[in-house]
Structure formats: structure tokens, C-alpha cells
Amino acid sequence: MPSDAPGYLDVHAHFVTDSYVRQAREAGHELPDGVPAWPSWSAKAHLELMDRCGIETSMLSISSPGIHFGDEPAARRLAREVNEAGAETVREHPGRFGLFASLPLPDVDGALEEITYAFDTLGVDGVILETNSHGTYLGNPGLARVWAELDRRGAVVFLHPTSPVCWEQSALGRPRPMVEFVFDTARAVTDLLMSGTLDRHRDLTVIVPHCGGALPVLADRIDGFMRMFMPQGQEGPDALEQLGRLYYDLAGPALPRQLPALLSLVGTDRILYGSDHCWTPAAGVEAHVASLDAAPVPEAATSWRALTTANAHRILPRTTH
């Protein structure tokens, strides 16, 4: 990495607290999404990894299984607890961390209350939304008030996959992040397209993880089906245009296949860096950064590091130093 290269801005970074893990386990998430164990996390260890990899700032969020475990009042309390813990970490390390707040969906009233508190009191950078909340997908009409409020605020919305409602059958006993997360990302974004949510709320900045999951290879199929469902004589929405307005992070094995597929769908101005730490171990993050730093870059770009960081600063202006 050249000495003058900018530090990455990591839009896909996670944290956990001891209290959060305890409550998740008590709710039955002993093996979250079928992975072997919960990760540990500390700001100190995360910062050490960031310094080794040349990551300037990491946007923290709570990953799957989220914070709603079936009890509505408990979900509201846990959302407030993790958001305050994340905001405290941001305050303790100026410039190194940001925060995407958790919301207690599918509890709409609780989510609206937490949006107000998270933005107006904690000063968060955006929100994280799981692809579904107990089977309620993001295009559900019942979530309309949440999307309207986020759109009113011009919010950054970071989407994150979780286990689909059918995982007991579809995952075949294997960890859901391997395949199920990829398809639930595509399922949730397709729902947002088909419901008109993305078309109605154009002041949002939406980040899709993991190179868009399965979306790059399904985009033309989705676009064709959307047009087929329109009433006769009414022009169908342009799914490709809407997908091209979203942002996509590179968390996961972006190379050698996923990133080229993504670039067949969107321009380089929509690409962001993501590590997926702490769920991706430090060694995996280091290998991922090394692969990106060594990869050929698009014409007119000096590096993936510079490209993705400039894109991230454009949508997260408070992170600009």
C-alpha cells in the first residue's frame, strides 16, 4: 500500500456486547444463523486490525440475528441499549468509528421512536435493516411509515441479510450465511423494487451488502418480470435504473468473480468497501484487503482503496476529515 494511499472507509463492520450476546442466546440463538460460535469484539482489537489494514473509519452495526427476538418491549429496550453502546464507542474514538442504528422491526411504532432518538439524540450516521424481521420483508406495506420517515431525513440505510423464514428446509443444515444470506439479500431488494418502495423514496441512500448478493446475475430477470406484471398500456418500472442508484459493499470474497459481475450492473461510483468484521475473522479481513489492494483497478482510478473511500465520503460526509 503506497504511503499516500487513503485509509479505507468500512461501511460494513459489526460489534457485539456481552449483554447483547447473552440476550440473544437466552432467546435461542446459541448458534447464530447456524455458524459455530458468537464472535468476541472490543474497540481496542478492532482498531488494531484497522491500523494493520489501513482502514481509517469503520461504520459499526449489529449483524444478524438483529435485536428483535419475539418480545416487543424487550426488542425496544435492546435496540436502545446497543445503539447507546455503539454511540459511546463512536464518542470515545473520534473519527475512527461511525454507527448505523438498530431498529426493533417489525414493531413500526418502536422503530419510529428509535429513529428519532438515534438521529436526534445519538447523532447516528444511518440505520441498519435486516432483510426480513420474523418474515416481514422490507417492501411490506406495514413498514410504509418507517420508509417515509427515513426518506424525510434523507437517511443512509444499510441492508443486511438474515436467515429467511424457510431456512429450516432451505439451508439443508448448513450455515445460512453461506448461501441463504446471498439469496435473502436478493429477495429483500426485489421486494423493495416490486413494492415500489425504492421508486417512491428517492432521497434515501441504500447500501446493499456482499456485492449485491445474487442481484447482479438476476437483475435482467427481475426487470423482465416487473414489466410483465404491469397493467396493459402502462409502462413498467425500470428495475435496472433503480438498482443502479443503490450502493454496494465488497464484503465477502469479492474477487475474482463477484466484483466483475457487480460491475456489469452498476458504475464504479456505487462501490464501497466492507470488511464484515467481527463476523469475518481478522485473518480473513487482512486477506480481503490484500486482494483488493493488488487487484487491477478501473480506468481513471488509482486504487480500489481510493475509489471506494471517495464514494463513501460522498454519502457519509461526517466521516470526511
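These remarks concern the structure in this document.

What counts and what doesn't
Residues numbered from 1 in each chain as written. Predicted model: local features only at pLDDT ≥ 70, side-chain atom pairs only at ≥ 80, totals over all residues. Heavy atoms only, no water. Helix = DSSP H or I, 4+ residues; strand = E, 2+ residues; numbered from the N terminus. Rg over C-alpha atoms; globule rule 2.2 N^0.38 Å. Buried < 20%, exposed > 50% of the residue type's maximum accessible area, 1.4 Å probe, protein only. Contact = heavy atoms within 4.5 Å. Areas by Shrake-Rupley, 256 points an atom, 1.4 Å probe, with all protein chains shown as cover. Salt bridge = Lys/Arg side-chain N within 4 Å of Asp/Glu carboxyl O. Right-handed = clockwise from strand over helix to strand, strands pointing away. 1 Å grid on protein atoms, 1.4 Å probe; cavity = no way out; pocket = protein on both sides within 12 Å on 5 of 7 lines; lining within 4 Å. Points joined across faces, edges and corners; volume = space filled by probe spheres on them. Arc of directions from axis to C-beta.

Moving on to the overall build of the protein. Helices and strands together make up the secondary structure of the protein, namely 13 helices and 10 strands. For a compact globule of 321 residues, the expected C-alpha radius of gyration is about 20 Å, and the protein comes in at 19 Å, within 12% of that figure. Taken along the three principal axes of its C-alpha coordinates, the protein extends 60 × 50 × 40 Å. For the protein, the residues scored as buried account for 54% of the 321 residues in total. Once local pairs closer than 6 in sequence are excluded, the contacts in the protein between residues at least 24 apart make up 78%. Approximately 14,000 Å² of the protein is accessible, and the part contributed by carbon and sulfur atoms is 54%.

Turning next to the pattern of salt bridges. Under the counting rule described, the total for this entry stands at 20 salt bridges. Note that Arg 187 is salt-bridged to Asp 184, the shortest N-O span being 2.6 Å. Of this pair, Arg 187 and Asp 184 both sit in helix H7 (residues 180–194), separated by 3 residues, roughly a single helical turn. A single network of salt bridges, built from pairs that share partners, joins Asp 120, Glu 149, Arg 152 and Arg 153.

The subject of this paragraph is the pairing of strand E3 (residues 97–102). Taking burial as the measure, the 6 residues of E3 include 6 buried ones, the bulk of the element. Chirality of the crossover, the property in question, places the unit of E3, helix H4 (residues 108–122) and strand E4 (residues 126–130) among those that are right-handed.

With that out of the way, let us pick up the layout of surface pockets. Approximately 520 Å³ is the volume attributed to the largest pocket. Taken together, 32 residues line the largest pocket, and the ones lying closest to its centre are His 29, Pro 65, His 68, His 134 and Thr 162. Put simply, the parts of the chain that give the lining of the largest pocket at least two residues each are E4, strand E5 (132–133) and helix H6 (167–170). Put simply, the second largest pocket is a space of about 430 Å³. Lining of the second largest pocket is provided by 18 residues; of these, Pro 177, Phe 181, His 210, Asp 276 and Thr 280 occupy positions nearest its centre.

Turning to helix H1 (residues 18–26), a few remarks are in order. Buried residues of H1: Tyr 20, Val 21 and Ala 24, and no others. Buried residues along H1 cover an arc of 95° about the axis, so they all sit on one side. When the buried face of H1 is taken as reference, the exposed residues oriented beyond 90 degrees from it are Asp 18 and Glu 26. In this structure, the buried side of H1 is in contact with helix H3 (72–92).

Read these as geometric descriptors, not functional statements.
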